[in-house]
Amino acid sequence: MRRLLIPLLLAVAGYGAFALLFSRLDPAARWQQTIDRQQAIARANEIAARYGLETRGWDVVVTTGRNREAERYLLAHPQSEIAPLLSPLVTTVTMGTMHGERSFRVSLAADGHLLSLIRREPEKTGQAPTGPPTAAEIEAALKDLTGSFSPRFTQIKANSQGQGSRKSPERFGAFVVGSDRDKSEKGDRRFTQEFISSGQDQVKFTTEAVVAGSIIKELRLAATLPARFLDEVAFDRSTSVVVIGGLTVALVVLLTLGGLVLYFFGLARREVDWRNALAFLVTITLLMITANYLGGATESLRAELTMGETPGFFMRVALPLLISFLLLLQFLIPLLVCWGGALALYARTRQGRPAGLAAMLRGRLWSRATGTYLAAGMLLGGIIAALPFLIAGSRIFPGSAVDAENIHRIFASKAPALAALTSPAATNTSGTFLLFLVFGFLVPLLGSYLTKPLLARLLSVVVGALLLASVFPLGRTSLASALAGGLLLMVTGEQIWRRFDLLTVVMASVSAEVALRIAALLAQPSAALRLAGVTALTAMGLLFAFALVAAWKGRATAPEADAALLRAGTLIEDRAERERLKAEFNVAQRAQQQMLPAVTPDLPGFHIAAICRPSREVGGDLYDFIPLPDGKLGIVVADVSGKGVPASLYMTLTKGLMLSVAEEQSDPGAVLREVNKHLYEACQRKMFVTLFYGVLDPRTRTLTCSRAGHNPPIWRRTSEQTTLMLKPPGPGLGLVSGQSFDRVLKVEQISLSPHDTLFLYSDGITEAMNEHQEEYGEARLMAVAERADWLDAEMALNAVLGDVSAFLAGTPPQDDQTLVVVRVAGN
């Protein structure tokens, strides 16, 4: 959680700057979209009814297009009187019967007024006996296009042309959408009116009606803007887009080829886990298909294919989906092969940080590492979101301006909130797509094959900056600012990548793009679009809360566990190896259980209960009872440092030594001195054993004991209502040589009274840690001992274990738990 403090501060600065600059610099803040999808459909149905067309039950496609020329003009003339007719966004509603014999298309401005109308009818439908529309009806239809604004213009031309002739306005701009541009047929009649606005920058508007038989077949409103606005847009797109787009395509192709080679070599050498690549492919494919569907790309294809003569079901539904999927391949193939190449690089050189993303793809979301990476990415997305606005607002690069792509498409989505969350993945200029290629494959590739780290880092920054320049929405207005933005994004992304993980970089990019779409939704007057923005923002907040909780309370996984998700090796051999190790563990576990006493001894005047719970398949704890001469009983409780098989082996050695020495020695101190001598000679210094050894004498009711670094037993004196800890000094076995051990070790003897209870335990009891990182502790154990005054040994043992389990509250124990309870019988 402490790793998130700096990202939190950067998030406040980044998202704060983004929120302040968005309303000033982003065109989306000035689009003023007042209609959403449902309102656009209702408006289209209303217009269709006005022209005598019943569209109930027809297939409906809604798209939103962008008119950059009008947008540029309105930016220069924000208070122009003709602003209502120059809409920066055009919402197009296309309706048709399922088999395509009839269709109707309406284009609406941002405020909902009519811009164009196209109607397609079978030939017999268009020849009604009622006769053609009257001049008044045609003039009223043209009036629908300009409404109350036409008196402000000067009419410069009005004409009517007959059959087969056609005359086009000078420029229809983006108001005429799709494949419906000026298609005249035999028998059509065309009526046009031209108006010109007053002021310095005169704009010519053309209204046009096309009549076929008795119906008005088409209506159009077109604007001819001054040449300088058209030239500026053309220059921006021809210079910046071509240069940056060409560099991007070339670099993506090179990276794809390199990833393909490494991926197939990795598969051939069995270094790449193909399941990881498959999980990646399935996840990305589903995400992109969803993004295309919700984000409007598939809907736009349907709109283009719907206005044919007889499109049919295939043209309306199947073909758009097929084309959409084929278009996705240009992103899916680079992503897949570069991910495979990244896995191969990591398997061979450990270059890159793909473990977090691999863990998430395998469903390991509830882990501290994954939660930290996700939360950090969402926080640091604020810096990435603010970068283009800071560059444009700094005025360092003349002519630079924020110019985001494709945000307007989500306005016509069936689920704008979901589209805002997913559509960033469906565009080749997406930062998520390119940042993944850069930090998922390019940077590790250069780091692997360039021997000089400084040269590899410098080259990765330069190439990455060129590739990431197309991420910036500055590219359409200033080539220099786009390159500078790419450099800043590369440096920022590299810092995130080196301090966290590839997953953090990807999540930061997604968060930045989602923030831009949410801001665009919230900036519109439409209540439905604003609600979608609030919904998307809430969803991101819930995801961030989940990531924080996972970073705090999720499973603690070791780095090698995440790295294991990337290692292929040979899957069959790995599975066989796991099965073999599991079988060996089972054998070791059975051997350990057989080494523990099968039953507790029957000692006159005493009741004894004992248990040992390994935290793994096998553990390093030990308890034992050693019968001694004169009816005495030796009690051993020991704990070997470490866990698993090595600890079990040391435990086995310790038990053998104790049994062997106790047969010859009756004094606990002498026994421990002899055992320590052998362990010190045989064991490595990094392994040691803590042990308590006590000798019970039933005739005298005494306990003589020594303690070699072990937890002090608890002595509950029921008759005196006191609780003590037995702490005879002594170091752990195997740590120091004989003389040093002998000087420290002491022997203690106590006299026991009826109903006294001894609790002998390992540190797995007192050091048991719950989810809040709190230890059970000796104080809690002593409190349970005090409550167990009148319980027998078995019940007292269960009381302790139950209290420990309640304290852990489902948290798995981190260490072996051993407990021996000795209860003195009453008189």
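Residues numbered from 1 in each chain as written. Predicted model: local features only at pLDDT ≥ 70, side-chain atom pairs only at ≥ 80, totals over all residues. Heavy atoms only, no water.

Trainee: Outline the environment of methionine 490, supporting the account with residue identities and numerical values.
Mentor: Relative to the assigned elements, methionine 490 resides in helix H14 (residues 479-499). The class of methionine 490 is buried, set by a relative accessible area of 0%. Sequence spacing of methionine 490 and valine 463 is 27 residues, and the spatial spacing of their C-alpha atoms is 9.3 Å. When sequence neighbours within four positions are dropped, the list of residues in contact with methionine 490 reads Val438, Phe439, Val443, Ser460, Val461, Gly464, Ala465 and Leu468. (Helix = DSSP H or I, 4+ residues; strand = E, 2+ residues; numbered from the N terminus. Buried < 20%, exposed > 50% of the residue type's maximum accessible area, 1.4 Å probe, protein only. Contact = heavy atoms within 4.5 Å.)

Trainee: So what's going on with the environment of leucine 543? Which residues, and what values?
Mentor: Inspection of the secondary structure assignment puts leucine 543 in helix H16 (residues 527-553). A residue is classified by how much of its surface remains accessible, and leucine 543, at 34% relative accessible area, is partly exposed.

Trainee: Could you give an account of unusual backbone geometry, with specific residues and numbers?
Mentor: Peptide bonds are, in most cases, trans, and in most cases residues other than glycine have a negative phi. Unusually for a residue other than glycine, aspartate 630 sits at a positive phi of about 65°. Inspection of the secondary structure puts aspartate 630 in the loop between strand S10 (621-627) and strand S11 (633-640).

Trainee: How would you summarise the packing of helix H12 (residues 431-449) against helix H13 (residues 453-468) if you had to cite specific residues and measurements?
Mentor: Following both chains from N to C, one finds H12 and H13 inclined at 155°, their axes separated by 10 Å at the closest point. Considering the angle they form, H12 stands roughly antiparallel to H13. By crossing handedness, the relation of H12 to H13 is classed as right-handed. Of H13, the residues touching H12 (which contributes Leu434, Leu435, Val438, Leu442, Val443, Leu446 and Gly447) are Ala456, Leu459, Ser460, Val463, Gly464, Leu467 and Leu468. Looking at the contact of H12 with H13 residue by residue, the class counts come to 11 nonpolar, 3 polar and no charged. (Axes fitted to C-alpha atoms, helices over the stretch in contact; angles between N-to-C directions. Parallel < 35°, antiparallel > 145°, perpendicular 65-115°, else oblique. Left-handed = near helix turned anticlockwise from the far one by under 90°. Nonpolar A, V, L, I, M, F, W, Y, C, P; charged D, E, K, R; others polar.)

Trainee: Describe the pattern of salt bridges, listing the residues and the values that go with them.
Mentor: Under the counting rule described, the total for this entry stands at 16 salt bridges. Across the salt bridge formed by arginine 50 and glutamate 46, the nearest N and O atoms sit 3.7 Å from each other. Taken together, the residues span about one helical turn, with arginine 50 and glutamate 46 both in helix H2 (residues 37-50) at a distance of 4 residues. Look at the salt bridges and you will find they share partners, linking Arg120, Arg190, Glu208, Glu218 and Arg220 into a network. (Salt bridge = Lys/Arg side-chain N within 4 Å of Asp/Glu carboxyl O.)

Trainee: So, the packing of aromatic side chains: which residues are in play, and what are the values?
Mentor: According to the stated counting rule, one finds 10 aromatic pairs in the structure shown. Taking the centre distance of 5.8 Å and the plane angle of 50° together, the rings of phenylalanine 18 and phenylalanine 22 count as tilted. Pair noted here: phenylalanine 18 and phenylalanine 22 are both in helix H1 (residues 5-25), with a separation of 4 residues, about one helical turn. Just as phenylalanine 18 is buried, phenylalanine 22 falls in that class too. An angle of 35° between the planes, with centres 6.2 Å apart, marks the rings of phenylalanine 439 and tryptophan 497 as tilted. (Phe/Tyr/Trp six-rings, centres within 6.5 Å; stacked < 30°, edge-to-face > 60°.)

Trainee: Please set out the pairing of strand S8 (residues 215-224) residue by residue, giving values where relevant.
Mentor: Taken across its 10 residues, S8 has 10 buried, putting it largely inside the fold. Two strands pair when backbone bridges link them, and strand S4 (residues 114-120) and S8 are joined in this way by 3 bridges, in the antiparallel orientation. By the bridge assignment for S8, leucine 117 is matched with leucine 219. Looking at chain direction, strand S7 (residues 204-212) and S8 are connected through 9 bridges and run antiparallel. When the sheet's bridge partners are listed, phenylalanine 205 is paired in S8 with alanine 223. Here S7 folds back onto S8 in antiparallel fashion, the turn holding 2 residues, of which glycine 213 has a positive phi close to 65°. (Pairing = 2+ DSSP bridges.)

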